[in-house]
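Here is how the chains run, residue by residue.
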Amino acid sequence: MRSVKAHKEVTLANALVPDPVRMAITDAGGLLAAEEVQAAHPLPGFAMAAIDGYAVRSVDVGGTRAIVGNHGEDTPEDPSSRDARLPVVGEIPAGSQQPMRLQPKQAMRVHTGAPLPTLADSVLPLSWSDKGTSFVRPLKPVASGEFVRGVGEDINEGDVAVSPGTILGPAQIGLLAAVGHSKVLAYPRPRVSVLSVGKELVDIDRVPGRGQVYDINSYALAAAAKDAGAEVRRVGIVEGEPRRIREVIEGETIRSEIILISGAVGGAGATQIQGILSELGEVDTTRVAMHPGSVQGFAVLGSDEVPCFLLPSTPVSSLVIFEAFVRPMIRAGLGKRPLDRRLVKARALGPLQSRVGRRGFIRARLMRDAETQDYLVEGLSGATGSPAHLLAGLAEANSYIVIPEEQPDVRPGDVVDVMFLSQG
């Protein structure tokens, strides 16, 4: 029996990263950049007002001092600056393309983001003036460059805006837009195909007959893969002659970086599927020291060596296996770190039981003490020896309690590791 750690090493060693694709930046959020993007122009490309006020020459308003603090906001009022009284000779809104020139001892009303007129080297904030319309009297001096966003202050021509391997978050997408790039070369989301096999399965748009059950796994696993960041293709139930099943699976190896097949381990039908898969690549059905989900398999299929997870028909076991092995592989393909969910320490509210020699994944509800802010965790179905396959218990859970192989029993009050099933 292979340990969880060893099996994760085996599966991740076969992870595939999709080839980079040039795509619109609107579609690249959360993806990994595959190129270096340099700014072709400085940002900003012109000197602009950083605040509503008046464009002035600093020497005309007593601006002989250095900038203090945050744009001089802690500067005391200077009585000598009251001696200046400048005519307001125009107004420049943001977005103005009309060239303007300021003469000595003049002011122009400017709005935030507006280009400064020629000769102006600072902006007198409205709050530092008497807010005059024909003439303006400053109440404080401003230094040269104060309340002005200079050319290239954010980024200069030739500077690197995005480096290869950068996760393209909102700030990076905004920076790409700022430097005029509508497209970027990035690694797309790993493509995951989800299949179910089993003569007992019917799709949810049909009424199950005697001995039939709904295909739960393809829907649950597709949702889990999408939540992890993959592009998902839910193939659904695959049935028919072995040749037909092989054609379907072989086709998915061409269009996928990961394949999930539920119902491919445990039961008589699984033997046929494993035989078909062995014709397409190498199949490993070593049991894994975990509970639930020890019965599983892993294959590498086709000329592209596409990783394929063989999952049981039990939805809870399949979703636990997904969390332990598939989700880390999807995140590896996305270039995300860490690969695993966040673990927190929490105090168990009740007794917990796992199996000796296997890592336990117990569905649980993670809470926080309102007074101490300590994490508390309550085990749900499967926590004390009750059936571990019940799906309703998993739907109530927001976490898994992870019980080490060497510590199968947990007493109330013990501190345990909890895998928090947060979004993203």
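Above this note sits the structure.
No experiment lies behind these values; they were computed from the predicted model shown.

Undergrad: Just checking my understanding: could you explain the overall build of the chain for this structure?
TA: If you tally the helices and strands in the chain, you get seven helices and 28 strands. For 424 residues, the compact-globule formula gives about 22 Å, and the C-alpha radius of gyration of the chain, at 32 Å, lies well above that figure. Considering only C-alpha atoms, the chain reaches an extent of 95 × 55 × 40 Å along its principal axes. Looking at the 424 residues of the chain, the share that counts as buried comes to 46%. Pairs at least 24 residues apart make up 71% of the contacts formed inside the chain by residues separated by at least 6 positions. Total accessible area on the chain stands at roughly 20,400 Å², and carbon and sulfur atoms take up 50% of it. Looking at charge distribution, the chain has the averaged site of its 44 positive side-chain charges lying 2 Å from that of its 49 negative ones.

Undergrad: What am I meant to see in a nonpolar patch on the surface here?
TA: Together, Ile204, Tyr214 and Ile216 line one region of the surface with nonpolar side chains, adding up to about 260 Å² of accessible area. Tracing the backbone shows Ile204 in the loop between strand S14 (201–202) and strand S15 (213–214). Since its relative accessible area comes to 47%, Ile204 is described here as partly exposed.

Undergrad: What exactly am I supposed to notice about helix H1 (residues 4–12) here?
TA: In an α-helix there are 3.6 residues to a turn, and that puts residues three or four apart on one side. Within the span of H1, buried status applies to Val4, His7, Lys8 and Thr11. The buried residues of H1 occupy one face: seen down the axis, they fall within an arc of 100°.

Undergrad: Honestly, the side chain of Gln106 in this entry has me stumped. Any pointers?
TA: By the element assignment, Gln106 lies in the loop between strand S6 (86–92) and strand S7 (107–110). The class of Gln106 is buried, set by a relative accessible area of 18%. Apart from the residues within four sequence positions on either side, Gln106 is in contact with Ala55, Val56, Asp60, Leu86, Pro87 and Val89.

Undergrad: Whenever I open this one, the packing of aromatic side chains confuses me. Can you help?
TA: For any pair of aromatic rings, the description consists of the separation of the ring centres together with the inter-plane angle of the planes. Using the criterion set out here, one finds three aromatic pairs in the structure. An angle of 90° between the planes, with centres 5.3 Å apart, marks the rings of Trp128 and Phe147 as edge-to-face. On the criterion of sequence distance, the pair formed by Trp128 in the loop between strand S8 (122–125) and strand S9 (135–136) and Phe147 in the loop between S9 and strand S10 (148–149) is long-range, its members being 19 residues apart. Phe147 carries the same exposure label as Trp128, and that label is buried.

Undergrad: Explain the sheet that holds strand S12 (residues 183–187) to me, please; I cannot follow it from the model alone.
TA: Sheet strands pair by backbone hydrogen bonding; their relative direction is either parallel or antiparallel. Pairing within the open sheet is antiparallel, and its three strands lie in the order S1-S12-S2. Two strands in the sheet have a free side with no partner beyond their single neighbour: strand S1 (21–24) and strand S2 (32–33). Here two bridges tie S2 to S12, and the two strands are oriented antiparallel to one another. Bridge pairing in S12 places Leu32 opposite Tyr187.

Undergrad: I keep staring at the packing of H1 against helix H6 (residues 315–334) and nothing clicks. Help me out?
TA: Helix packing geometry: the angle between the two helix axes and the distance between the axes. Taken N-terminus to C-terminus, the directions of H1 and H6 make an angle of 40°; their axes are 10 Å apart at the nearest point. The angle between the axes of H1 and H6 places the two elements in the oblique class. For the element pair H1 and H6, the recorded crossing hand is right-handed. Residues Val4, His7, Lys8, Thr11 and Leu12 of H1 lie in contact with H6, whose contacting residues are Ala324, Phe325, Pro328, Met329 and Ala332. Residues that form the contact of H1 with H6 fall into these classes: seven nonpolar, two polar and one charged.

Undergrad: Is there a simple way to explain the pairing of strand S21 (residues 306–311) in this structure?
TA: The two faces of a sheet get side chains in turn, since along a regular strand they alternate between them. Counting buried residues along S21, six of its six residues qualify, which places the element largely inside the surrounding structure. Residue alternation in S21 divides its side chains into two sets, Val306, Cys308 and Leu310 and Pro307, Phe309 and Leu311, and both sets are buried. Pairing analysis gives five bridges linking strand S20 (residues 297–301) to S21, with the strands arranged antiparallel. When the sheet's bridge partners are listed, Ala299 is paired in S21 with Cys308. Count of turn residues in the S20/S21 antiparallel hairpin: four residues, of which Gly302 carries a positive phi of about 75°.

Undergrad: Explain the sheet that holds strand S5 (residues 53–56) here, please?
TA: A sheet is described by the order of its strands in space; here five strands give the open sequence S8-S5-S7-S6-S9, paired in mixed fashion. Every interior strand has two partners, whereas the edge strands, S8 and S9, have only one. With three bridges connecting them, S6 and S7 associate as parallel partners. The partner of Val88 across the bridge, within S7, is Ala107.

What counts and how
Residues numbered from 1 in each chain as written. Predicted model: local features only at pLDDT ≥ 70, side-chain atom pairs only at ≥ 80, totals over all residues. Heavy atoms only, no water. Helix = DSSP H or I, 4+ residues; strand = E, 2+ residues; numbered from the N terminus. Rg over C-alpha atoms; globule rule 2.2 N^0.38 Å. Buried < 20%, exposed > 50% of the residue type's maximum accessible area, 1.4 Å probe, protein only. Contact = heavy atoms within 4.5 Å. Areas by Shrake-Rupley, 256 points an atom, 1.4 Å probe, with all protein chains shown as cover. Lys, Arg positive; Asp, Glu negative; His and termini not counted. Charge placed at Lys NZ, Arg CZ, Asp CG, Glu CD. Patch = residues over 30% accessible without salt bridge, like charges linked within 9 Å, V, L, I, M, F, W, Y side chains within 5 Å. Salt bridge = Lys/Arg side-chain N within 4 Å of Asp/Glu carboxyl O. Arc of directions from axis to C-beta. Phe/Tyr/Trp six-rings, centres within 6.5 Å; stacked < 30°, edge-to-face > 60°. Pairing = 2+ DSSP bridges. Axes fitted to C-alpha atoms, helices over the stretch in contact; angles between N-to-C directions. Parallel < 35°, antiparallel > 145°, perpendicular 65-115°, else oblique. Left-handed = near helix turned anticlockwise from the far one by under 90°. Nonpolar A, V, L, I, M, F, W, Y, C, P; charged D, E, K, R; others polar.

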